[in-house]
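The lines below spell out each chain.
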Amino acid sequence: MPQKGTKVTKNQNEIFTFSGRSRFVPFCGYTLPTNMTTFRSVVLILLLSTHGFAQRDLTRYVNPFIGTGGHGHTFPGAIMPFGMVQLSPDTRLTGWDGCSGYHYSDSIIYGFSHTHLSGTGISDYGDILLLPTVDNAFVDGRPQTARFQHRNESASPGYYSVKLDNGNILVELTATARVGMHRYTFPSTQSANIILDLAHRDKVLDSSFRVTGANSIVGWRRSQAWAKDQVVYFALEFSQPFSAHGVIVDGLKAYFRFDARAGAPILVKVGISAVDIEGALKNLHAEVNDWDFDKVKADAKAAWNAELSRIVVSGGTDAELINFYTALYHAMTAPNLFMDVDGRYRGRDFKTHKADDFTNYTVFSLWDTFRAAHPLYTIIDQKRTRDFINTFLVQYEQGGRLPVWELAANETDTMIGYHAVSVIADAAAKGIDGFDLQKALAAMKHSAELRDRGLGAYMDQGFISMEDERESVSKVLEYAYDDWCIAQVARMLGKTSDYERYNRRAQSYKNVFDRGSGFMRPRSNGNWVERFDPREVTFAFTEANSWQYTFFASHDIAGLIDLMGGRREFVRKLDQLFATDSPTTGREQADITGLMGQYAHGNEPSHHMAYLYDYVGQPGKTQMRVREIMDRFYKPEPDGLIGNEDCGQMSAWYVLSAAGFYPVTPGSKVYAIGSPLFPELRFNLENGKSFVVRANGVSERNVYIQSATLNGKPYNKSFLLHDDLMRGGELVFQMALRPNLRWSTGAGNEPVSRIDGPEIVPVPVIKAAGQTFRGRLEISLAGIDSKPVDLHYTVDGSEPNSHSTRFTKPFFIEADTTVKALAIDPNGRQSLAARAKYHRIPHDWQITLLSNYSSQYTGGGDFALIDGIRGTTNWSGGGWQGYQGKDFIAVLDLGRVEQVSRVGAGFLQDIGSWIWLPRAVEFGLSVDGKTFESGFSIVNEASERQEGVMTIDFVGNISPQNARYVRIHAVNFGKIPAWHPGSGGDAWIFVDEIFVEK
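Please read all numbers here as calculations on a predicted model, not as lab measurements. (Residues numbered from 1 in each chain as written. Predicted model: local features only at pLDDT ≥ 70, side-chain atom pairs only at ≥ 80, totals over all residues. Heavy atoms only, no water.)

**Comments concerning the overall build of the protein chain**
As a reminder of what qualifies: Numbering of helices and strands runs from the N terminus; a helix is a DSSP stretch of H or I covering at least four residues, while a strand is a stretch of E covering at least two. Burial classes: relative accessible area under 20% of the type maximum marks a residue as buried, over 50% as exposed, and values in between as partly exposed (1.4 Å probe, protein chains only). Contacts between residues were defined by any pair of non-hydrogen atoms, one from each residue, lying within 4.5 Å. Exposure was quantified through the Shrake-Rupley algorithm and a 1.4 Å probe, taking into account, for residues, occlusion by the shown protein chains and nothing else. For the charge count, each Lys or Arg is scored as positive and each Asp or Glu as negative, with His and the chain ends excluded. For this purpose, a charge sits on NZ of Lys, CZ of Arg, CG of Asp or CD of Glu.
What the protein chain contains, in helices and strands, is 17 helices and 61 strands. Considering only C-alpha atoms, the protein chain reaches an extent of 95 × 75 × 50 Å along its principal axes. Per-residue burial for the protein chain yields a buried fraction of 62% across its 998 residues. Once local pairs closer than 6 in sequence are excluded, the contacts in the protein chain between residues at least 24 apart make up 70%. Counting every atom, the protein chain has about 35300 Å² of accessible surface; 48% of that belongs to carbon and sulfur. The positive charge centre, built from 101 side chains, and the negative charge centre, built from 111, are 4 Å apart in the protein chain.

**A look at helix H16 (residues 649–659)**
When you tally the buried positions in H16, you get 11 out of 11 residues, the bulk of the element. Those residues of H16 that fall on the buried side of the exposure criterion are Gln649, Met650, Ser651, Ala652, Trp653, Tyr654, Val655, Leu656, Ser657, Ala658 and Ala659. The first or second residue beyond H16 is Gly660, which carries a positive phi of 105°.

**Brief notes about the nonpolar core**
For soluble globular proteins, the rule of thumb is that nonpolar side chains tend to be buried together. Using the following cut-off: Throughout this description, the term nonpolar core refers to a set of buried Ala, Val, Leu, Ile, Met, Phe, Trp, Tyr and Cys residues connected via side-chain atoms within 4.5 Å.
By size, the foremost hydrophobic cluster in this structure holds 236 residues, and its most contacted members are Phe112, Phe324 and Tyr325. Here this core gets 12 residues from one element, more than from any other, and that element is helix H11 (residues 472–492).

**Looking at the sheet that holds strand E29 (residues 405–407)**
We apply this condition: For two strands to pair, DSSP has to find at least two bridges joining them.
The 3 strands are arranged E28-E29-E30 in an open sheet whose pairing can be described as antiparallel. Only two strands of the sheet have a single partner each, and these edge strands are strand E28 (364–365) and strand E30 (410–411). As judged from the 2 bridges shared by E29 and E30, these two strands associate in the antiparallel manner. Bridged to Leu407 within E30 is Asn410.

**As for the packing of aromatic side chains**
Basically, it comes down to this: Aromatic pairs are defined between Phe, Tyr and Trp rings, using the six-membered ring for Trp, whenever the two ring centres lie within 6.5 Å; interplanar angles under 30 degrees are classed as stacked, those over 60 as edge-to-face, and all others as tilted.
Considering all chains together, one arrives at 53 aromatic pairs under this definition. Taking the centre distance of 4.9 Å and the plane angle of 65° together, the rings of Phe238 and Phe258 count as edge-to-face. Taken together, the residues Phe238 in strand E19 (residues 230–238) and Phe258 in strand E21 (residues 253–258) connect sequence positions 20 residues apart. A relative accessible area of 1% places Phe238 in the buried class. Taken together, a centroid distance of 5.8 Å and an interplanar angle of 75° make the contact between Trp988 and Phe990 edge-to-face.

**Things to note about helix H6 (residues 373–380)**
A large share of H6 lies buried, amounting to 8 of its 8 residues. For H6, the full list of buried residues reads Ala373, His374, Pro375, Leu376, Tyr377, Thr378, Ile379 and Ile380.

**Quick word on the confidence of the model for the protein chain**
Any segment with low pLDDT has predicted coordinates that should not be analysed in fine detail. Going by this rule: The predictor attaches a confidence to each residue, called pLDDT, with possible values from 0 through 100.
On average, residues of the protein chain score 92 in pLDDT, and 94% of them reach the 70 mark or higher. Considering only residues more than four positions removed or in separate chains, one finds that residues 1–54, a stretch of pLDDT under 50, has 139 contacts.

**Some points on the state of the cysteines**
Two cysteines joined by a covalent bond between their sulfur atoms form a disulfide. For the record, the criterion: Note that a disulfide, as used here, is simply two cysteine sulfur atoms within 2.5 Å.
All told, the structure shown has 0 disulfides when counted by the stated rule. The cysteine Cys99 is free of any disulfide, with Cys647 supplying the nearest cysteine sulfur at 11 Å. Residue Cys99 is classed as buried on the basis of its relative accessible area, which comes to 2%.

**Section: the sheet that holds strand E18 (residues 216–224)**
Stated formally: Every axis in this analysis is a line fitted to C-alpha atoms, fitted for helices over the stretch in contact. Angles between the N-to-C directions lie between 0 and 180 degrees.
A sheet is described by the order of its strands in space; here 9 strands give the open sequence E7-E12-E13-E14-E15-E22-E19-E18-E17, paired in antiparallel fashion. Every other strand in the sheet has two partners, leaving strand E7 (108–109) and strand E17 (203–213) as the edge strands with one partner each. In this sheet, strand E14 (residues 169–175) lies alongside strand E13 (residues 159–164) in antiparallel orientation, the contact comprising 6 bridges. Bridge assignment links Ser161 to a residue of E14, and that residue is Glu172. Against the sheet, helix H2 (residues 277–287) makes contact with strand E15 (179–185), E17, E18, E19 and strand E22 (266–273), and its axis sits at roughly 130° relative to E22, the strand it touches most. Packed onto the sheet, helix H3 (residues 293–308) meets E13, E14, E15 and E22 and runs at close to 50° relative to E14.

**Overview of the pattern of salt bridges**
The condition that has to hold: Salt bridges are defined as contacts in which a side-chain nitrogen from Lys or Arg sits within 4 Å of a carboxyl oxygen from Asp or Glu.
Considering all chains together, one arrives at 57 salt bridges under this definition. Notably, a salt bridge pairs Arg521 with Asp514, separated by 2.8 Å at the nearest N-O pair. The closest approach of N and O atoms between Lys820 and Glu799, which form a salt bridge, is 2.6 Å. Within this pair, whereas Lys820 is found in strand E53 (residues 817–824), its partner Glu799 is found in the loop between strand E50 (790–794) and strand E51 (805–806), the two being separated by 21 residues in sequence. Residue Lys820 is classed as buried on the basis of its relative accessible area of 9%. Salt bridges sharing partners connect three or more residues here, namely Asp276, Glu278, Lys282, Asp342 and Arg344.

**A short note on the environment of Thr176**
Selection rule: The definition of a polar contact used here is a pair of N or O atoms within 3.5 Å, where within protein one atom must be able to donate a hydrogen and the other to accept one, and adjacent residues in sequence count solely through side-chain atom pairs.
Considering the arrangement of structural elements, one finds Thr176 in the loop between E14 and E15. Expressed as a C-alpha distance, the spacing of Thr176 and Lys297, which sit 121 residues apart in the sequence, is 8.5 Å. Side-chain polar atoms of Thr176 contact the side chain of Glu287, separated by 2.5 Å.

**Observations concerning the packing of helix H7 (residues 382–399) against helix H8 (residues 420–429)**
Going by this rule: We call two directions roughly parallel when the angle between them is under 35 degrees, roughly antiparallel when it is over 145, roughly perpendicular when it lies between 65 and 115, and oblique otherwise. Helix crossings are classified by the rotation of the near helix relative to the far one: an anticlockwise turn of less than a right angle makes the crossing left-handed, while a clockwise turn makes it right-handed. Each residue gets one label: Ala, Val, Leu, Ile, Met, Phe, Trp, Tyr, Cys and Pro are nonpolar, Asp, Glu, Lys and Arg are charged, and the others, such as Gly, are polar.
Where H7 meets H8, the axes come as close as 10 Å, and the angle between the chain directions of the two elements is 135°. Comparing the axis directions of H7 and H8 gives the class oblique. Every pair of crossing elements has a handedness; the one defined by H7 and H8 is left-handed. Packed against H7, whose contacting residues are Thr385, Ile389 and Phe392, the element H8 presents Ala420, Val423, Ile424 and Ala427 at the interface. Residues of the contact of H7 with H8, tallied by class, amount to 6 nonpolar, 1 polar and no charged.

**Considering the packing of H11 against helix H12 (residues 496–505)**
It is at 8 Å that the axes of H11 and H12 come closest, and there the two elements cross at 160°. Of the possible angle classes, the one that applies to H11 and H12 is roughly antiparallel. The two elements H11 and H12 cross, and the hand of that crossing is left-handed. Contacts between H11 and H12 pair Ala480, Asp483, Trp484, Ile486, Ala487, Gln488, Ala490 and Arg491 from the former with Asp498, Tyr499, Tyr502, Asn503 and Arg505 from the latter.

The structure is reproduced here in structure tokens:
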């Protein structure tokens, strides 16, 4: 150890010693002295004192149980801000509402593990499970579980406790950034056991441990779940030697026995690392080098107070204060530190790297958090914002692209878009530096130029068709926004050609806006999908329907207003969104919750919509809706979140909305103003300044802004600029019972979101009665916006241009044909080309379906199974017929008696989407359609657990026999098995095509 007062700098981690006891707790990649609460706490206390504001205990307003019920998917355990360790009880092993490992409705605890995900929709983590028991450690070769009651449970930032009914054991948990600490108070017994379970929850790929001393263990766990290859190493120490220990047969579970008759608690501390055991040991000894549980708990509380004090509110009800600070707490739960005290971390290439000038993080739920959580960090935590972006860039170097949804060095590829570009553009626009912007632009462009996930079709034709890719409309809209973000960074760097290219691509949302219906609408085979209901939840959208995506063009709201027919029509549409009583239809989607009309606050695509009224001069409606959402959908109770917390996004929406503004367009400096919740809210900024939002007269009913001043001068704008916020000052609102219709009206007073530069010419629509036909088929073309264009087309598969045939009236085709078409405006600018393929059915077969197919999965209609077009592995593209919870039965009429020698049908399996191959397929033949001879039966031999999409033809050869009718009977898989997340639900059969050969 260095001498007192000496400062040693090593590997970017600063270690200080002071007079008195010296013990160390890490903070965001730095090791700091606990006897000064933490360096950041002291700095923040000093900053607050310079503003004349005394520090309060803000942790008392945090209720970690909020969101642990319903569908919030949070957990109540002990964590540090953005910490590597999340030490929490596990009460549930599987299922949608078990994603965090804990659900408030449960009464059994499996144990206490050291890693958890907050608010996600897929489960993972739950590493290194410990459970204290008395007497028997295992029952029938399995670890015990423990019953508990909520009246014996408590939680606060950095601390959790519960008294277990089994054995009357008091469990207390606390944590540093990389170490979990347990304190178990047993009744007087010489058979106090602590179970170690490395097989808990996820599929184990390779795990082991070894005893290294009388009170110490080390080991590792490599598992597969959402992250396909997650590794965690651990170093564990007990506060006293164990008297005995034993290992269960599989070698992944063990017990350690202690004599607890003296009455002293038994403590456990567990350091973790994603690098190696040495890293876990270093983390353990650097952060918790003694057994002072209460000190670690106090330090965690101090650290949380320091972080929560970045925003200090005054006034408000107890419920509002609890909602607010719990939301801020949840927004600081992830991303998570993913680096040892010596700077080493596991990279996206699964190799060990060392961070010399940044802190490495993991758990980037970017589809969610780009909207509000990351913009919140640009205000209150710019240092971490730099670290997040530098983490993105090393992931790009090590893994080949920017993260989409990265978890524990694994790219899960969950959700859509490439929203790391939004986080980068937002930081750059707001003047946050400390990362290589040139490299960032290269990485952003790389993500945008890949040709997977529908991007190839998006680049080639300006939109994604249903047959190209599932979630086609949502992907077009989100890719277009991301491309706008790239254009903004290109402009900052003077990259004119890049700016122009991505600005054009950013307008691609126009190619899926149907002026006739007024909605974003899926396209298929060059046309609109004909059967369309904006309420219907289909695979053309991501966890949503057209209502919930039609307003997502946040980077070009002015352009969207024009498409909808102007400001009045835009307001009418927004009013209808919030006021309609019509429920969603179509497939069940658990994420669509918190409905207010068709607005769904429980899922992220809706989050900006209430603020859109500001952009059309009606801020009073924004104020009304924002306050209604805050009041209805955030409650200080376990079921207090209306949807998944999603790593801070649901909570960040509340934090920013309570402050009175929201980032409708991340990547710009503009915040749309809503309705401030508290009489005073103060941002204590990292630059030493503070920005205060006051709401004079605010109350439950006084939610409308009458007037405002900024730094003492009248402020008549319904938006706030980031630069004004960061300069510090005071924004004062006068609130009242009714809106002031004159406030913030007129040019220059409303927020503006508009794409600069030339407008694109939208891609035209190729219309026909269907993709298949008998005889001949009529084809027509149409532009999709109100601007005049000439339409040109080809029918020979060649690319159209201005010299191609000009469309003047519908035309007919009589054979297999590929039609391509483009639009040319009066200035000579051309659209990209739409393409449509048509197939002439070569026979006159008829089919009678004796089972009813789903209205969502028609395959193209009643004749889809005999149209000669095979469904692809993109089953959501419309090529397959779907039958849920029933057998598929159909009779094919060949039109005449023919000699048949081969019969078959194609089926698809994708167990992740609840689609299984049939148990068996039976074929029968008949001459008269009444009496069917049993032809043959084929039993499915494929694994019911096979992941991914696979297609299999159930086909058989028979001795040639005369038949006119063929009956096909596919036996449904049945109820979904217990091992599947959809346990107990009805399985789907997907079928296409039926074929008969002579």
